[in-house]
Amino acid sequence: MPLEQIYGQEQKQVQKLAMTQQMQQSIQILRYSIEDLHVFLSQKQLDNPFIKINDRMSYAGSSINSSGSNEDKDDWISQTAEHKQQSLYDYLLSQVHLTMRKSVLRGWVVFLIDHLDTNGYLRIDFAEILKKTKVDQTTLLDALTLLQQLDPPGIGARNLQECLLLQIENSDNAPKHAYEVVDQAFVQFADRKWTEISRKFSISLEEIQKIFDYVRTLSPAPGAAFGQDDIGYVYPDLLVDIDKERQKVELRITKQSRPLVVFKQKYFAEFAHMPDKDVKKYLREKKADYLNIAQNLERRGSTIERVGQALIKHQAGFFLREDHPLNPLLLREIAHELHLHESTVSRAVNGKYLKCNFGVFELRHFFTKTVNSNREDEELTADAVQSQIKALVDAEDKAKPLSDSKIVQQLSQNGIEISRRTVAKYRDLVGIPSSSKRKRFD
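Reference entry: report on the structure contained in this document. Counting from 1, residues in each chain are numbered in the order their sequence is written. Restriction of local features to residues with pLDDT of at least 70 applies here, the model being predicted, together with a cutoff of 80 or more for giving and counting side-chain atom pairs; totals for whole chains, interfaces and linings are based on all residues. Only hydrogens and water are set aside; all other atoms, that is, all heavy atoms of the structure, feed into the side-chain values.

### Observations regarding the packing of helix H14 (residues 277–314) against helix H17 (residues 342–349)
Interaxial distance between H14 and H17 falls to 10 Å at its minimum, and their mutual angle equals 90°. The angle between H14 and H17 falls in the class roughly perpendicular. On H17, the residues touching Thr303, Ile304 and Val307 of H14 are Thr344, Ala348 and Val349. Residue composition of the contact of H14 with H17, grouped by class: four nonpolar, two polar and no charged. For every element, the axis is a line fit to its C-alpha atoms; helices are fit only across the contacting stretch, and the angle between N-to-C directions ranges from 0 to 180 degrees. Going along the chain from the N terminus, every DSSP run of H or I of four or more residues is numbered as a helix, and every run of E of two or more is numbered as a strand. Roughly parallel covers angles under 35 degrees, roughly antiparallel covers those over 145, roughly perpendicular covers 65 to 115, and oblique covers all other angles. Contacts are residue-level and defined by heavy atoms, with any inter-residue pair within 4.5 Å sufficient. In this classification, the charged set is Asp, Glu, Lys and Arg, the nonpolar set is Ala, Val, Leu, Ile, Met, Phe, Trp, Tyr, Cys and Pro, and all remaining amino acids, among them Gly, are polar.

So this is what it looks like as C-alpha cells:
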C-alpha cells in the first residue's frame, strides 16, 4: 500500500477521533449543572495556560463577581440582598486566622476549606490526597478535626450522618441518646425501624419520637446560608420576569450559566514564533481546545435558553395565575418544536433551574403527563394529582396514616383513577414516606 494512502487513512482516523471527542465534550457540558460546569472550567483553566474563564462566580467561595456592568451589579445585589453577604469560604477563613497560628497544619485546614461544596460538605478522596501529596495521614485527620470544630456546626462533614453527629455533639439541648442512636443505628433510624432501636437502646418509642423531632431541626446543609442568593443553594440558569398587568413573561439566561472564555492572545503570540515543532504542535492543540470549549459553552447556553423560552410559552399560566397550574407537556413535544433530539432536551433540563419571584424550579418540573380523570372536560396533570396526595396526607390521622390503597380510594371518590403503584411513585416523587414511616406515637 502506498505511503500516502496510509498517511491519508491515519489522518482521517485522527479527524474522526477528534470530532468524536468534541461531540462528547459538547454533550458533557450541556449535561453539567452550573456548579459542575464551573468546576470543569476551573480544571480546564489549569490545563490550558492560554485561556481564562470569566465565570462571574467563585466555586470555593460561592460569591458572584460584581466587577462587570451596572446591570451585572444590580443582578448580584438583588439576588443576595436577603442573605449574608459573606461567603462560607471567607467566614471559615476568618475563624482560622483568629484561632490558629501559622503552621503546616493550618495550611491543610485552609486546603480542606477550599474543597468544601456550597452545602459545607467535604467532597474529596482522602486516599487520593495522601497519594498525590507528601502530607501524612495524621496531619490530614488533625486538619479535618480542626475544620469540623468551626462554625457553623456540621461543617466539613463527609456525609449526612457525620453532619448530624457534629451538630448533635455541639448542641446543649440534644435529647438523651440522640448521639448514640444516630451514630449506631442511623439506617434503622432513617427507615423508622423504631421498635428495633427501642430494643437496642432500651428506650421508649416516645423518646425516639423526641429524638426524631429534634434531628429534623438540624441542618442537612450547614453551608447553604452563606454567600448564596435567595434560591437557597442552587444557582439559577434562567431568570423569569413576570408582568401580570400586561400578562407578559420574559426570560433571560444568567451569566453564571453562560460563562465567558477569553483567549490570551498576547501570551500565545510570545511562543508562536518559536521554530520547535513540539511547541507548535502544543500551541495548535491548546488553541483548538479553546475554540472547542468556547463553541460548546455557546451551544449549551443557546440550547438551555431555547428550551426555557419554549417552556414559558407552554406554561405561561404557571407564572401568571395565582394557583400556578401546569399544562400537560412532554419532552418529545419540546424536542419536536425546537428540532432537537429528545435526549438533548433531557440534558438541558436536568439539574438546570429557573428562578422567578415566587420560587426556584428545576426545568424538569414543567414537564408533566396527563392523568385519567372521570371529570368531564378536565385534564389533570401528574403535578395536580401529586398536590392532592400531599393534601390527603397532610390531613390524615398521624396515628393511623393512609395506606397507598386508601389514597387510591379517596382519589377515586374525587374522580381520579390511578393505580396503587402510581400513588406510590407520586408519593416518592414529592418526598412523602410510606404510611409505616409516617406513623407517630404521640
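### Quick look at the side chain of Ser26
For Ser26, the location among the structural elements is in helix H1 (residues 3–31). Burial classification: accessible surface area is computed with a 1.4 Å probe over protein chains only, and a residue below 20% of its type maximum counts as buried, one above 50% as exposed, and the rest as partly exposed. Assessed through its relative accessible area of 14%, Ser26 is described here as buried. Of note is the side chain of Ser26, whose polar atom sits 3.3 Å from the side chain of Arg299. In contact with Ser26, other than residues within four places in its own chain, are Asn296 and Arg299. In the analysis that follows, any N or O atom pair within 3.5 Å is treated as a polar contact, provided that within protein one partner can donate a hydrogen and the other can accept it, and provided that, for residues neighboring in sequence, both atoms belong to side chains.

### Observations concerning helix H16 (residues 331–338)
Along H16, the residues classified as buried are Leu331, Ile334, Ala335 and Leu338. For H16, the buried positions fall inside an angular range of 100° around the axis, keeping them on one side. More than 90 degrees from the buried face of H16, the exposed residues found are Arg332 and His336. Buried-residue contacts for H16 involve H14 and H17. By construction, the arc corresponds to the directions joining the helix axis to the C-beta atoms.

### Focus: the pattern of salt bridges
Should a side-chain nitrogen of Lys or Arg be within 4 Å of a carboxyl oxygen of Asp or Glu, the pair is scored as a salt bridge. The full count for this structure, using the stated rule, is 13 salt bridges. Lys248 is paired through a salt bridge with Glu250; the nearest N and O atoms lie 3.1 Å apart. Here Glu250 falls in the partly exposed class, since its relative accessible area comes to 38%. What you see here is one network of salt bridges that share partners, running through Arg258, Glu298 and Glu305.

### Notes on the side chain of Thr344
Inspection of the secondary structure puts Thr344 in helix H17. Assessed through its relative accessible area of 19%, Thr344 is described here as buried.

### Some details on the packing of aromatic side chains
Each pair of aromatic rings taken from Phe, Tyr and Trp, with Trp reduced to its six-membered ring, is defined by centres within 6.5 Å and is described as stacked if the planes are under 30 degrees apart, edge-to-face if over 60, and tilted in the remaining cases. Tallying each qualifying case throughout the model produces 19 aromatic pairs. Aromatic rings pair up to connect Phe50, Phe263, Tyr267, Phe268, Phe271, Tyr282 and Tyr290 into one cluster. Over the aromatic face of Phe126 sits the side chain of Arg158, whose NZ or CZ is 5.7 Å from the ring centroid. Both a distance and an angle decide whether a charge sits over a ring: NZ of Lys or CZ of Arg must be within 6 Å of the ring centre and within 35 degrees of the ring normal.

### Considerations on the packing of helix H5 (residues 104–113) against helix H7 (residues 137–148)
At a closest axis distance of 8 Å, the pairing of H5 and H7 adopts a crossing angle of 65°. Viewed along their axes, H5 and H7 adopt a mutual orientation that is roughly perpendicular. Crossing of H5 over H7 shows right-handed handedness. Seen from H5, the contacting residues are Leu105, Trp108, Val109, Leu112 and Ile113; seen from H7, they are Thr139, Leu140, Asp142, Ala143, Leu144, Leu146 and Leu147. Looking at the contact of H5 with H7, its residues break down into 10 nonpolar, one polar and one charged. By the definition used in this description, the sense in which the near helix is turned from the far one sets the handedness, with an anticlockwise turn below a right angle giving left-handed and a clockwise turn giving right-handed.

### Examining the environment of Asp36
In this structure, Asp36 sits in helix H2 (residues 34–47). Residue classification places Asp36 among the partly exposed residues on the basis of a relative accessible area of 41%. In this structure, the C-alpha to C-alpha distance between Asp36 and Gly351, residues 315 residues apart in sequence, is 10.0 Å.

### As for the nonpolar core
Working definition of a nonpolar core: buried Ala, Val, Leu, Ile, Met, Phe, Trp, Tyr and Cys residues. They are joined through side-chain atoms within 4.5 Å. Core analysis: the biggest nonpolar cluster contains 30 residues, and Val240, Leu311, Phe319, Ile334, Leu354, Phe366 and Phe367 have the highest contact counts within it. Contributing elements (two or more residues each) for this core: strand E2 (238–243), strand E3 (248–253), H14, helix H15 (316–320), H16, H17 and strand E5 (353–356). With five residues, the single largest contributor to this core is H14. The contacts of Leu311, once residues within four sequence positions are left out, are Leu329, Ile334, Leu363, Phe366 and Phe367. Val96, Leu112, Leu116 and Leu122 belong to the second largest nonpolar core, which has 21 residues in total.

### Thoughts on helix H20 (residues 420–429)
For H20, the full list of buried residues reads Val423, Ala424, Tyr426 and Arg427. For H20, the angular spread of buried residues about the axis comes to 165°, placing them on one side. Structural note: H20 exposes Arg421, Asp428 and Leu429 on the side pointing more than 90 degrees away from its buried face. With its phi angle positive at about 80°, Gly431 sits one or two positions after the end of H20.

### Some details on the environment of Arg427
Along the polypeptide, Arg427 turns up in helix H20. Separated by 37 residues in the primary sequence, Arg427 and Lys390 place their C-alpha atoms 7.9 Å from one another. In this view, Arg427 contacts Asp404, Ile432, Pro433, Ser434 and Arg438; residues no more than four positions away in its chain are not counted.

### Considering the pairing of strand E6 (residues 359–362)
We treat two strands as partners when DSSP finds at least two bridges between them. Strand direction decides the pairing type here: E5 and E6, joined by four bridges, are antiparallel. Bridge assignment links Cys356 to a residue of E6, and that residue is Gly359. Hairpin connection, E5 to E6: the antiparallel pair is bridged by two residues.

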